[in-house]
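A closer look at the structure
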Amino acid sequence: MVTNEYIVETLELTAKLMELHDADEFRIRAYTNAVYYLDKFTGDLAGMDLTQLTQVQGVGKTVAGKVLEIVTTGTLKELQDLLTNTPEGVIDMFKIKGIGVKKIKVLWKEVGIDNINDLQIACENGTLGKVKGFGGKTQDSILESIVFLQSQAGKLRMDKAEALAETIAADLKKYFSKAEVSGQVRRKNEIVDSLLFLVTDEAPKAHGFFTHLPESFAENPRISSPFTWRGKYLDNKIDLEIRFVPASQLVQKQFIYSADISHLKHKNEQGKTLMQISAAQGISTEEEIYEKYGIPYIIPEMREGAGEFEWINNHKNEDLITWQGLKGILHNHSTYSDGRHSLEQMARYCQELGFEYLGIADHSQSAQYASGLGVHKVMQQHTEIEELNQKLNAGGGKPFKILKGIESDILGDGSLDYPDEVLATFDFVVASVHSNLNMTEARATERLLKAIENPYTTILGHPTGRLLLSRQGYPIDYKVVIDSCAANGVVIEINASPYRLDLDWRWIQYALEKGVRLSINPDAHEMDGYMDMHYGVAVARKGGLTTSMTFNALSLAEIEAFLAQRKQRVK
Ligand SMILES: [Zn+2]
Ligand SMILES: [Zn+2]
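None of these values were measured; they are calculated from a predicted model.

**Quick word on the coordination of the zinc ion (ligand 1)**
Surrounding the zinc ion (ligand 1) are the protein donor atoms Glu407 (OE), His434 (NE2) and His462 (NE2), at 2.1 to 2.2 Å. The motif formed by the donor residues of the zinc ion (ligand 1), counted along the single chain, is E-x26-H-x27-H. Separating the zinc ion (ligand 1) from the zinc ion (ligand 2) is a distance of 3.4 Å, and Glu407 supplies a donor atom to each of them. Remark: His462 occurs in the loop between strand 12 (459–460) and helix 21 (478–488) and His434 occurs in the loop between strand 11 (428–432) and helix 20 (441–453); sequence separation between them is 28 residues. Each member of the pair His434 and His462 is classed as buried.

**Quick notes on the environment of His315**
Turning to its location among the elements, His315 is positioned in the loop between helix 16 (308–314) and strand 8 (328–332). His315 sits in the partly exposed class, given a relative accessible area of 25%. On a C-alpha basis, the gap between His315 and Thr546 in space is 8.5 Å, while along the polypeptide they are 231 residues apart.

**Observations regarding the packing of aromatic side chains**
Pairs of aromatic rings are described using the distance from one ring centre to the other and the angle between the two planes. In this structure the tally under the stated criterion is 17 aromatic pairs. Judged by centre distance (5.1 Å) and plane angle (90°), the ring pair of Tyr36 and Tyr37 falls under edge-to-face. Its relative accessible area of 34% is what places Tyr36 among the partly exposed residues. Taking the centre distance of 4.7 Å and the plane angle of 5° together, the rings of Tyr478 and Trp507 count as stacked. Of this pair, Tyr478 sits in helix 21 while Trp507 is found in the loop between strand 13 (491–495) and helix 22 (508–513), placing the two residues 29 residues apart along the sequence. On the basis of relative accessibility, which here comes to 18%, the residue Tyr478 falls in the buried class. Taking the relative accessible area as the measure of exposure, Trp507 reaches 23% and is therefore partly exposed. Site record: aromatic cluster; members linked through ring pairs are Phe176, Phe209, Phe210, Phe227 and Phe244. One residue, Lys103, lies across the ring of Phe134, its end atom 5.7 Å from the ring centre.

**Observations regarding the side chain of Glu308**
In this structure, Glu308 sits in helix 16. Buried and unpaired, Glu308 has Arg303 as its nearest opposite-charge partner, separated by 7.8 Å. Only 2.5 Å separates the side chain of Glu308 from the backbone nitrogen of Gly305, close enough to count as a polar contact. Residues contacting Glu308, with those up to four places away along its chain left out, are His263, Ile298, Met302, Arg303 and Gln509.

**Looking at the pattern of salt bridges**
Within the structure shown, the criterion is met by 26 salt bridges. The partner of Arg230 in a salt bridge is Glu241, and the shortest N-O contact between them spans 3.1 Å. Separated by 11 residues along the polypeptide, Arg230 in strand 6 (residues 228–233) and Glu241 in strand 7 (residues 239–244) bring together distant segments of the chain. In this structure, the salt-bridge partner of Glu344 is Arg348, at a minimum N-O distance of 3.0 Å. Here the residue Glu344 and the residue Arg348 both occupy positions in helix 17 (residues 343–352), the gap between them amounting to 4 residues, near one helical turn. Glu344 gets classed as partly exposed once you look at its relative accessible area, which sits at 23%. A residue is classified by how much of its surface remains accessible, and Arg348, at 36% relative accessible area, is partly exposed.

**Considerations on the coordination of the zinc ion (ligand 2)**
Distances from the zinc ion (ligand 2) to its protein donors, namely His331 (NE2), His333 (NE2), Glu407 (OE) and Asp523 (OD), fall within the range 2.1 to 2.2 Å. Seen from the zinc ion (ligand 2), its 4 donor atoms lie at angles of 82 to 169°, and the figure they make is irregular.

**Digging into the pairing of strand 13**
Of all 5 residues that make up strand 13, 5 are buried, and the element is covered over most of its length. By the alternation rule, side chains of strand 13 split into Val491, Glu493 and Asn495 and Ile492 and Ile494, which are all buried. Where strand 12 lies against strand 13, 2 bridges are found, and the strand directions are parallel. Along strand 13, the bridge assignment pairs Ile459 with Val491. Assessed by its sense of winding, the connection that carries the chain from strand 12 through helix 21 to strand 13 is right-handed. As paired elements, strand 13 and strand 14 (residues 518–521) share 4 bridges and run parallel to each other. Across the sheet, Asn495 pairs through a bridge with Asn521, a residue of strand 14. A crossover connection joins strand 13 to the parallel strand 14 through helix 22; in handedness this β-α-β unit is right-handed.

**Section: helix 4 (residues 61–73)**
Taking 1.5 Å per residue, 13 residues should reach 18 Å; helix 4 reaches 18 Å between its end C-alpha atoms and fits that length. What helix 4 keeps buried is the set Val63, Ala64, Lys66, Val67 and Ile70. The arc that holds the buried residues of helix 4, viewed along the axis, is 160°, so those residues lie on one side. Residues of helix 4 that are exposed and point over 90 degrees away from its buried face: Lys61, Thr62, Thr72 and Thr73. In this structure, the buried side of helix 4 is in contact with helix 1 (4–20), helix 2 (25–38), helix 3 (50–54) and helix 5 (77–84). A positive phi of about 85° marks Gly74, the residue just after helix 4.

What counts as what
- Residues numbered from 1 in each chain as written.
- Chains lettered and ligands numbered in written order.
- Predicted model: local features only at pLDDT ≥ 70, side-chain atom pairs only at ≥ 80, totals over all residues.
- Heavy atoms only, no water.
- Donors = N, O, S within 2.8 Å, 3.2 Å for Na, K, Ca; no water.
- Helix = DSSP H or I, 4+ residues; strand = E, 2+ residues; numbered from the N terminus.
- Buried < 20%, exposed > 50% of the residue type's maximum accessible area, 1.4 Å probe, protein only.
- Phe/Tyr/Trp six-rings, centres within 6.5 Å; stacked < 30°, edge-to-face > 60°.
- Lys NZ or Arg CZ within 6 Å of the ring centre and 35° of its normal.
- Lys, Arg positive; Asp, Glu negative; His and termini not counted.
- Salt bridge = Lys/Arg side-chain N within 4 Å of Asp/Glu carboxyl O.
- Polar contact = N/O pair within 3.5 Å; in protein donor to acceptor, adjacent residues only side chain to side chain.
- Contact = heavy atoms within 4.5 Å.
- Tetrahedral: all angles 85-135°; square planar, octahedral: opposite > 155°, others 65-115°.
- Pairing = 2+ DSSP bridges.
- Right-handed = clockwise from strand over helix to strand, strands pointing away.
- Expected span 1.5 Å × (residues − 1).
- Arc of directions from axis to C-beta.

Structure, rendered in structure tokens:
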């Protein structure tokens, strides 16, 4: 089955390559325009005929034909031709943040650079900075992106790592009586650089434990041993490790291989480490290990040596936030800006999932790339929200409310993106940085502080702007930012998109100490985007977030009271 996403990606790559090869501008435009609209289209493209396709907004007859071609052949002849005429290294350069097709074209055709390695050398020896249109600053930021990109190779974000680990575990279960996911995936790390499995069997195999694994498991014999298989799975770049353990030791080994070493080395009052205690005879559950150690149980995801021993002194595991503890969903987009589903679709689905409120927060006017809302559109949306709030409660039952929010860009100088009289019309404001990401720590921090001090700011959105594995966030002074949120009663977002997971979980405990509430926001751009809150909950628990300090664990009545009180402050 060809998905919409695949169709959009294929067209997008074709458009980029056309531009690289100086194709007719008018045709490139037709593709990029179609990509823009198809990306938001919610129907099933694969099931449509030519006439139906031409009726989709942004799709002309040519593109409609191309969509059909992708659906029937799985690709485009045109794309294949372009690919044969483009060095692979040039296509790799698309991954570098901060250079678009135009610059790549100059590099390839005028400077003669056709791979990332050569580009890196040109940055390092300063020759790139002398090329017209590049300059020292661009050179530095390209080099920074390349180094970052290289450091991320062979790593996976939490969502991809989890899905792959599940597939592999299911595969392993065909060959072993037990196969458990261990290591970083069990610890719910936001980035995973190796997958680890523990397997066991009733009867040992005569010719070694791993000889019967199929070809999908490509062993690297140089680093494997009789009990430990190391290699790769299919065409995945991530390192894979499978350890055979005796069934009687599975609990202990799982404990050891899924915890960070600094957790295991922690010593109790008697000077014994968790590692030593877990190795004792007769341990049959992880609970027993902590009991013998003399502290309450610590959940697997917290075993990082990052403050969990202090945390368990002051809290109980039952206090940790769970999906069930969430009462509403804040920070979501609709078709008013760059979302895929309408306000009503987003609201109905939220209600269906059993939540009490939906906080809509489309992009603000300066975010033109994301169809940010001008003042007129804002007013139009507010009217629709009021009508929907009537409609959605007409059937009686549990009250449900759409809250009027906005994701206001934090402008370069730290101000918000509307005049005060417009800001005053929202129930809540998520303030986020989307542009001008190359700032020094001092300037970026100052910019955030100004936004936090703005009395209309309710939530600080994705505080560092990071995109895991592709863009390092701008540097900020976390303590100063969190302290300022505490002083101004501003909530900090844990953006639950697996690409962001920003605020980083390592700062949750500090925020809790300062009394700052955190909001687990999916930043959903479509209905299914709500499900990202699972990743948000996972990292929130890892960092020790309690239900009582989770902003969107407040009931509708509580959050309305909170927001009303914030409004009082402005006057
Ligand atoms: Zn944003
Ligand atoms: Zn957003």
